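# Residue-level structure breakdown
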Amino acid sequence: MIPDPRDTAAADAADKFDDEHYPAYTMGRAAAMLGTTPGFLRSLDEAKLIEPQRSAGGHRRYSRYQLRIAARVRELVDHGTGLDAACRIVSLEDQLHEAQQLNADLRRSD
């Protein structure tokens, strides 16, 4: 069935498919996708690297963006980097990327 374009609820739901920050994944699904345990995801929450949104029932919900960060941390940990160091590295990589984007935007506006 094709959604009715006049149906705003369907249009809002369709927009969420493209939103990388929409918290679409439960902890169990996120852990399965990453090949890790829910405890690993909780440790990223405790380290304040990833702060998942909570459902009405209090369950953690993760976005695609957050899963990419978790996957990068897992990659570093799998190669022998400690969890705290891996979280710091990923945080700094994210800050660097944002700064590079800002610089590129400023150059374009000149």
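Treat the numbers as computed from the prediction; the structure is a model and nothing was measured. (Residues numbered from 1 in each chain as written. Predicted model: local features only at pLDDT ≥ 70, side-chain atom pairs only at ≥ 80, totals over all residues. Heavy atoms only, no water.)

### Some points on the overall build of the protein chain
In terms of helices and strands, the protein chain carries five helices and three strands. Ordered by position from N to C terminus, the α and β elements of the protein chain give α-β-α-α-β-β-α-α. Restricting to contacts in the protein chain with at least 6 residues of sequence separation, those with at least 24 account for 54%. Accessible surface, the protein chain as shown: approximately 7700 Å² in total, 52% of it carbon and sulfur. (Helix = DSSP H or I, 4+ residues; strand = E, 2+ residues; numbered from the N terminus. Contact = heavy atoms within 4.5 Å. Areas by Shrake-Rupley, 256 points an atom, 1.4 Å probe, with all protein chains shown as cover.)

### Brief notes about the environment of G35
Looking at the secondary structure, you find G35 in the loop between helix 2 (27-34) and helix 3 (38-46). Spatially, the C-alpha atoms of G35 and A71 are 9.1 Å apart, while their sequence positions differ by 36 residues.

### As for the nonpolar core
Of all hydrophobic cores here, the largest spans 18 residues; its most connected members are L41, L44, L49, I50, Y62 and V73. For this core, the secondary structure elements donating two or more residues are helix 2, helix 3, helix 4 (64-78) and helix 5 (83-109). Broken down by element, the residue count for this core peaks at five residues, all from helix 4. Contacts of L49, omitting those with residues within four sequence positions, involve L44, I69, V73, C87, V90 and S91. (Core = buried A, V, L, I, M, F, W, Y, C linked by side-chain atoms within 4.5 Å. Buried < 20%, exposed > 50% of the residue type's maximum accessible area, 1.4 Å probe, protein only.)

### Structural notes on the side chain of D45
Tracing the chain through its elements places D45 in helix 3. For D45, the contacting residues outside a window of four places in its chain are I50, E51, P52, R54 and R60.

### Considerations on the sheet that holds strand 3 (residues 60-62)
Reading across from one edge, 1-3-2 is the order of the three strands in this open sheet, with antiparallel pairing throughout. A single partner strand is all that each edge strand has here, and the edge strands are strand 1 (25-26) and strand 2 (53-54). Taken together, the two bridges between strand 2 and strand 3 define a ladder with antiparallel strand orientation. Residue pairing in the sheet places R54 in a bridge with R60 of strand 3. (Pairing = 2+ DSSP bridges.)

### Looking at helix 5
For helix 5, with 27 residues, the first-to-last C-alpha span of 39 Å sits near the 39 Å given by 1.5 Å per residue. Where helix 5 is buried, its residues touch helix 3 and helix 4. (Expected span 1.5 Å × (residues − 1).)

### Overview of unusual backbone geometry
In this model, K48 sits at a positive phi of 65°, which is unusual for a non-glycine residue. By the element assignment, K48 lies in the loop between helix 3 and strand 2. The class for K48 is exposed, based on a relative accessible area of 58%.

### What to know about the pattern of salt bridges
When the charged atoms of two side chains lie near each other, side chains of opposite charge can form a pair. Within the structure shown, the criterion is met by seven salt bridges. Here R54 makes a salt bridge to D45, at a shortest N to O gap of 3.9 Å. Judged by its relative accessible area of 13%, D45 falls in the buried class. Through salt bridges with shared partners, one network takes in D45, R54 and R60. (Salt bridge = Lys/Arg side-chain N within 4 Å of Asp/Glu carboxyl O.)

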